[in-house]
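Letter by letter, the chains look like this.
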Amino acid sequence: PRLANQIAAGEVVERPSSVVKELVENAIDAGSSRIEIELESGGSRLIQVRDNGSGIEHDDLGLALSRHATSKITSLDDLEGVASLGFRGEALAATSAVSRLELYSNTSDDPVNGWRVVAEGREMAPRLSPAPHPRGTTVTVRDLFFNTPARRKFLRTEKTEFNHVEEAFRRLALSRQDVDLVLRHNQKTVHQLMGGNSQAAMEKRIAQLLGRSFLENAIHIDMAATGLALKGWVGLPSHTRSQADQQYFFVNGRVIRDRLVAHAVRQAYRDVLFHGRHPVFVLYLDLDAHGVDVNVHPTKHEVRFRDGRLVHDFLFSSLHRALAEVRP
Ligand code: ADP
Ligand code: MG
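Participant: Looking at this structure, how should I read the pattern of salt bridges?
Facilitator: Pairing between side chains becomes possible if they bear opposite charge and their charged atoms approach one another. Evaluation of the coordinates by the stated rule reveals 15 salt bridges. The residue E36 makes a salt bridge to R184 at a minimum N-O spacing of 3.5 Å. Here the residue E36 occupies a position in strand 1 (residues 34–40), and R184 occupies one in strand 7 (residues 180–185), the gap between them amounting to 148 residues. As a salt-bridge pair, D109 and R135 come within 2.9 Å of each other at their nearest N and O atoms. Note that D109 is positioned in the loop between strand 3 (100–106) and strand 4 (115–120) and R135 in the loop between strand 5 (127–130) and strand 6 (136–142), a separation of 26 residues in sequence. On the accessibility criterion, D109 (62% relative accessible area) is exposed. Via salt bridges that share partners, R34, E36, E38, D180 and R184 belong to a single interconnected network.

Given below as C-alpha cells:
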C-alpha cells in the first residue's frame, strides 16, 4: 500500500503548493473559521496548517491517513452533487507517503483531549498518542519528498516554490472570504486576512491579495438567471505584465480552469475590444451542485457542466453587459 500511495502521490502531491491546497481544503471542509499556514524554505522543509474546525474523532485518526479513506462521501451516488472540496480520500495518505507527517486533532473544547498521529514515509502503521491541542486540527509536513529523491530534484528554488504556494493561497482566500487566513514564511507574516461577509470586506481582501489597482479599474457585477448566479469583479484589462494572470473563476466555491468558461470570457472581452490587453477578473458562478460534475480530474480544476450551452450564454451575456459599462 505504501508504494501505491507513493505512486498516487505523484498525481496529488506535485510540490509544496499542492500540499498547502489539500490541507487548507480539508480545514475548510471541517468548517474552520480560522486557518493558519506556516512554511519554511518554500515549504520543502516545513508546511504546517492549523485550523479550528471540527477535528477528527480518535477512532478515525488512523484511517484518515490511509488511502481512499474519506468521511465526505459514502457511496458513488454522493459523487453526484458533491459539496465538499475533498472526496477522494487521497491527500493525507499520499502526503504521508512522501514526507514526515504529524497530525494533532481534538473534537472537544477541552484541550487535554487531543491526539497526535505520526506517519513517516515508509513506516507502515500510523502511531497514536494523547497530546494536548485546542479544538481543531494541525497537520505538519516536514521534508517533503525526503524518501523520493527523484521527485525532490524537481523542486525549484525556495522563492519559486513559495510563489506557487502564495498563488494557491490567493485562490483559497478568494474562494472563502468568510474565513480568517494567515500565511507565514520563514517566521514572517506574508498575509493576514480577516474573514467577513460584506462586499466591503471582500474588496479589502481583494486589495490585499491582488493590489489596490485591481479594484480601481474594475466594476462589481451581480447577475442572476434561472438556476445561475454570477457575482464578482471584472476589470479593465491591465497593461502591466504582473497583473496578466489575475484571472480567478470559481464554480460553487471551487477554483476552476475550464475551456467553456474561458471561451465565454474571451468572447465577451473581445466584443468590447480591449486590444492586446489581458482580462482580469474575480468571478463566482453558483449553480445547483447537480448541474456541474467536479469529479473529472484528481486536482479538480476541471468541471463538466450539465448544460454547457446555458452556462456559456449566461456568462457571455452577463460579462458583455458589464464590460460595455466600463469600456474606456
Ligand atoms: P478527502 O478530503 O478527500 O476526504 P483527505 O486524505 O484529504 O481526503 O482526508 C481524509 C479524511 O481525513 C477526510 O475525509 C476527513 O474526514 C479527515 N480530515 C483531514 N483533514 C481534516 C481536518 N483538517 N479537519 C477535520 N478532518 C480532517
Ligand atoms: Mg482532502
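Text resumes after the structure shown.
Participant: Which parts of the structure should I look at to understand the packing of aromatic side chains?
Facilitator: This model, assessed by the stated rule, comprises one aromatic pair. Relative to Y284, the ring of F250 has its centre 5.0 Å away and its plane inclined at 10°; by these criteria the two rings are stacked. Of this pair, F250 sits in strand 11 (residues 247–251) while Y284 sits in strand 13 (residues 278–287), and the two are 34 residues apart along the sequence. Here the two residues F250 and Y284 agree in accessibility, since each one is buried. One residue, R100, lies across the ring of F146, its end atom 3.9 Å from the ring centre.

Participant: Explain helix 2 (residues 16–29) to me, please; I cannot follow it from the model alone.
Facilitator: Because an α-helix completes one turn every 3.6 residues, residues spaced three or four positions apart along the sequence face the same direction. With 14 residues, helix 2 should cover 20 Å at 1.5 Å per step; its first-to-last C-alpha distance of 20 Å lies within 8% of that length. With respect to burial, helix 2 is a largely interior element, 12 of its 14 residues being buried. Every buried residue belonging to helix 2 is among P16, S17, S18, V19, V20, K21, E22, L23, V24, E25, A27 and I28, and all of these are buried. Backbone geometry just after helix 2 places G31 at a positive phi near 80°.

Participant: It is not clear to me how the packing of helix 6 (residues 158–175) against helix 7 (residues 199–210) should be interpreted in this structure. Could you clarify?
Facilitator: Each pair of packed helices can be summarised by the angle the axes make with each other and by the distance between the axes. Interaxial distance between helix 6 and helix 7 falls to 10 Å at its minimum, and their mutual angle equals 175°. Looking at the two axes, helix 6 sits roughly antiparallel to helix 7. The segment helix 6 lies against helix 7, with F169, R170, A173 and L174 engaging M202, R205, I206, L209 and L210.

Participant: Whenever I open this one, the side chain of S18 confuses me. Can you help?
Facilitator: Mapped onto the secondary structure, S18 falls in helix 2. A distance of 2.7 Å separates a polar atom in the side chain of S18 from the backbone oxygen of R15.

Parameters at a glance
Residues numbered from 1 in each chain as written. Chains lettered and ligands numbered in written order. Predicted model: local features only at pLDDT ≥ 70, side-chain atom pairs only at ≥ 80, totals over all residues. Heavy atoms only, no water. Salt bridge = Lys/Arg side-chain N within 4 Å of Asp/Glu carboxyl O. Helix = DSSP H or I, 4+ residues; strand = E, 2+ residues; numbered from the N terminus. Buried < 20%, exposed > 50% of the residue type's maximum accessible area, 1.4 Å probe, protein only. Phe/Tyr/Trp six-rings, centres within 6.5 Å; stacked < 30°, edge-to-face > 60°. Lys NZ or Arg CZ within 6 Å of the ring centre and 35° of its normal. Expected span 1.5 Å × (residues − 1). Axes fitted to C-alpha atoms, helices over the stretch in contact; angles between N-to-C directions. Parallel < 35°, antiparallel > 145°, perpendicular 65-115°, else oblique. Contact = heavy atoms within 4.5 Å. Polar contact = N/O pair within 3.5 Å; in protein donor to acceptor, adjacent residues only side chain to side chain.

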